Amino acid sequence: MRISEAARRLGTSARMLRYREDLGLLPQVRDPLPWPAPGVAGPSGPGTALVAAPGAIAARSAAGGPHGPTHRQFSEADLEAVAAALELERRYDISPASLAFGLRVLAEPPVRAAVADLGRRLGRIPASPGRALDFEKERALRLLSRG
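Quick caveat, the model's predicted, so the values are computed rather than measured.

J.: Explain the environment of Q73 residue by residue, including any values.
T.: Within the secondary structure, Q73 sits in the loop between α3 (56-62) and α4 (76-92). Judged by its relative accessible area of 42%, Q73 is partly exposed. If near-sequence neighbours (up to four positions away) are discounted, Q73 is found in contact with M1, R2 and D78.

Right, dumping it as structure tokens:
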């Protein structure tokens, strides 16, 4: 289904669905059409005309026109994924951008490590057991050196 129908069924606007897509909150489009299409040579410079094999432009037009694929089509699985994201936003009272960042934290190890480090510095995440043991060891050494 097209974006307007998907937005209507989800109770949101097409503009918000596009915003969520920009944030990475929509499932990735499966099997994107390559450009240029098979048999169509892409432009090699400004003002260069396309050179097409017989039937290639007709095949491309059926797949979305000579300038690229048609608008994204939403499947039932896509709608279910977006509905799950909308529910998380409502349940935790967060913005789409916050949810997108949460997904980035889960998907990108360097981001996860940086956020965990910040959480430890702020005291919202307990120090790792290794750090706690180092602290206890240093404390014991200080006590022994006094005596």
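Next, the rest of the story.
J.: Describe the packing of aromatic side chains, listing the residues and the values that go with them.
T.: Overall, the coordinates contain 0 aromatic pairs when judged by the stated rule. Between R72 and the ring centre of F74, over which it is positioned, the NZ or CZ distance is 5.0 Å.

J.: Before we move on, can you summarise the side chain of R72 with the specific residues and values?
T.: You can see R72 is positioned in the loop between α3 and α4. In this structure the side chain of R72 is engaged in a polar contact, spanning 2.8 Å, whose partner is the side chain of E21. Excluding residues within four positions of it along the chain, R72 makes contact with M1, R2, I3, E21, L26, P27, Q28, V29 and D78.

J.: Which residues make up the pattern of salt bridges, and what values go with them?
T.: The final tally for this structure, using the stated rule, is 8 salt bridges. Among the ionic pairs, E5 bridges to R8, the shortest N-O distance being 2.6 Å. On the criterion of helical spacing, the pair formed by E5 and R8 is a turn pair, its members being 3 residues apart in helix α1 (residues 3-10). With a relative accessible area of 57%, R8 lands in the exposed category.

J.: Could you give an account of the environment of L26, with specific residues and numbers?
T.: Summarising the element assignment, L26 is placed in the loop between α2 (14-23) and β1 (40-41). C-alpha separation for the pair L26 and A85, spaced 59 residues apart in sequence, amounts to 8.7 Å. Ignoring anything within four residues of it in the chain, the contact list for L26 reads L17, R20, E21, R72, F74 and V82.

Conventions we followed
- Residues numbered from 1 in each chain as written.
- Predicted model: local features only at pLDDT ≥ 70, side-chain atom pairs only at ≥ 80, totals over all residues.
- Heavy atoms only, no water.
- Helix = DSSP H or I, 4+ residues; strand = E, 2+ residues; numbered from the N terminus.
- Buried < 20%, exposed > 50% of the residue type's maximum accessible area, 1.4 Å probe, protein only.
- Contact = heavy atoms within 4.5 Å.
- Phe/Tyr/Trp six-rings, centres within 6.5 Å; stacked < 30°, edge-to-face > 60°.
- Lys NZ or Arg CZ within 6 Å of the ring centre and 35° of its normal.
- Polar contact = N/O pair within 3.5 Å; in protein donor to acceptor, adjacent residues only side chain to side chain.
- Salt bridge = Lys/Arg side-chain N within 4 Å of Asp/Glu carboxyl O.

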